[in-house]
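# Structural overview
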Amino acid sequence: MSVWPNADSAANSDPWLVAHHDEIHLMRPRVLAVNFVHGLSEGEARRLLGALCAALRESSRWQGHRDARAPPFLDYEVTGIADLTEPRGSVDRNSARFPRAADGVGLDYAALSALLGLRERVERGEVNEVWLLADHTERTAPWETVEVKRSYDEAFRPVGWERQAGNSGEHAAPWLGRSLRVLFVNFARGVGCAMESLGHSLERMATCGAIPYYERYFREYAMLDLDRRLGLPFESLYLRGPHPVAYPTPTTLQYRTGLRRRRVEGYVAAGGNVHFMPNGRYDYDLDNPAPVLSTIETWRQPGERRCPWTPAVLEPFRALAPDCMGRWIVYWRQNMPGLGNTARDDEGRPMKNWWPFLFY
């Protein structure tokens, strides 16, 4: 059993991670935080980021919602906060040292990388992830997450890198020779919103082509395969069109195409995705009390069961990640294959723990 980082391996995309994936029982990623918000003290910044670390830790306990002894797998450590604040910002609460993109609104990720010396620090394993504390206004809009990621083939051999592995549009982040995720944490919002951003990062990491194994199973769990699996005219409920879906019975999905209502009988939800819980009717729906059959808690496990699911199971996480989709994201992540999971892959072998893929 191994802990990462360690004396033999500390940097992202290290071959050690692939070779020892199944032996790792704890990851302690090193986070470099960057504070651009004038008036936000280091103590306040550490409290917010500490709460985010706690939510991530809880979310990595495989099925911790029903097993109080389940160990955490991710134990993020904020190893330093780069103070780039000034007494006041020029156009919003961000410091004038915020490196703006050419449009004057976005963040220049290449300039940020140079400013922080990220190439060298990532190579040495001093930094595994970067979290930006910043303001978000019509004059300032960093992407939720930016990641340029090492890509692999089916045998986990490195074959190149993917530029769009984060939840972002076009960006100037350079390839550093190793993967790096940059998370924007809106200081004016809570932990739940940051967890939602990281949830979208999981989705994008799974659909950018970087890790075929992860993509194959994540798409099924997150219901990003409805066209192939159920023959629907859309890949996922994200693309359902302007109308909410409905669940007339626990095993019926109703949706609209144009003016026509269509039904899928015998419908069973898997794990859902960031915007759509198993019984979600529209984006961000946290309140549907009607049960829908789901396999989220037994997905791909021997004896997989289809059980009625409602958001009542999320209540234990309300205080931990209270805003945005936070409480759902904690629970959703807990049911992904983690340390000690009993899911099986297509060949009937034990499913790999998904969390080490974050740092491949």
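First things first, this report covers the structure right here in the doc. In every chain, residue numbers begin from 1 and rise along the written sequence. Local features in a predicted model are, by the rule used here, given only for residues with pLDDT of at least 70; side-chain atom pairs are given and counted only at 80 or more, and totals for whole chains, interfaces and linings are based on all residues. To obtain the side-chain values, all non-hydrogen atoms of the structure were included, while hydrogens and water were left out.

Classification of ring pairs rests on two measures: the distance between centres of Phe, Tyr or Trp rings, Trp counted by its six-membered ring, which must be within 6.5 Å, and the angle between planes, read as stacked under 30 degrees, edge-to-face over 60 and tilted in between. The tally for this structure, following the rule as stated, stands at 28 aromatic pairs. On the numbers, 5.8 Å between centres and 55° between planes, the contact of Phe 156 with Tyr 213 is tilted. Of this pair, Phe 156 sits in the loop between strand S6 (145-152) and strand S7 (158-162) while Tyr 213 is found in helix H6 (residues 212-221), placing the two residues 57 residues apart along the sequence. Classification of residues uses two cut-offs on accessible area relative to the type maximum, computed with a 1.4 Å probe and protein chains only: under 20% is buried, over 50% is exposed, and between them is partly exposed. Among the residues examined, Phe 156 registers a relative accessible area of 14% and is labelled buried. Numbering of helices and strands runs from the N terminus, with a helix taken as a DSSP run of H or I at least four residues long and a strand as a DSSP run of E at least two residues long.

Once that is clear, we can look at the state of the cysteines. By convention in this document, the label disulfide applies to cysteine sulfur atom pairs within 2.5 Å. For the structure shown, the criterion picks out one disulfide. The residue that forms a disulfide with Cys 193 is Cys 324, at a sulfur-sulfur distance of 1.9 Å. Given an S-S torsion of about 75°, the disulfide between Cys 193 and Cys 324 has right-handed geometry. Separated by 131 residues along the polypeptide, Cys 193 in helix H5 (residues 191-207) and Cys 324 in the loop between strand S12 (307-309) and helix H8 (326-334) bring together distant segments of the chain.

Before going further, it helps to examine the side chain of Thr 140. Here Thr 140 is to be found in the loop between strand S5 (129-134) and S6. On the basis of relative accessibility, which here comes to 0%, the residue Thr 140 falls in the buried class. Side chain to side chain, Thr 140 and Asn 94 meet in a polar contact 3.5 Å long. Whether two residues touch is decided by their heavy atoms; if any such pair falls within 4.5 Å, the residues are in contact. Excluding its chain neighbours within four sequence positions, the residues that come into contact with Thr 140 are Asp 92, Asn 94, Phe 98, Arg 100, Val 105 and Asp 135. Here a polar contact is taken to be a pair of N or O atoms separated by no more than 3.5 Å, where protein atoms must pair a possible hydrogen donor with a possible acceptor and residues adjacent in sequence count only if both atoms sit in side chains.

A side-chain nitrogen of Lys or Arg and a carboxyl oxygen of Asp or Glu constitute a salt bridge if their distance falls within 4 Å. Per the counting criterion, the structure on display carries 27 salt bridges. Residue Arg 178 pairs with Glu 123 through a salt bridge whose shortest N-O separation is 3.0 Å. One end of the pair, Arg 178, is in the loop between S7 and strand S8 (180-186); the other, Glu 123, is in helix H4 (residues 118-123), with 55 residues separating them in the sequence. Ionic pairing is found between Arg 157 and Asp 153, a salt bridge with its closest N-O pair at 2.8 Å. Given the relative accessible area of 52%, Arg 157 is considered exposed. The network of salt bridges with common partners includes Glu 154, Arg 216, Glu 220, Arg 300 and Asp 346.

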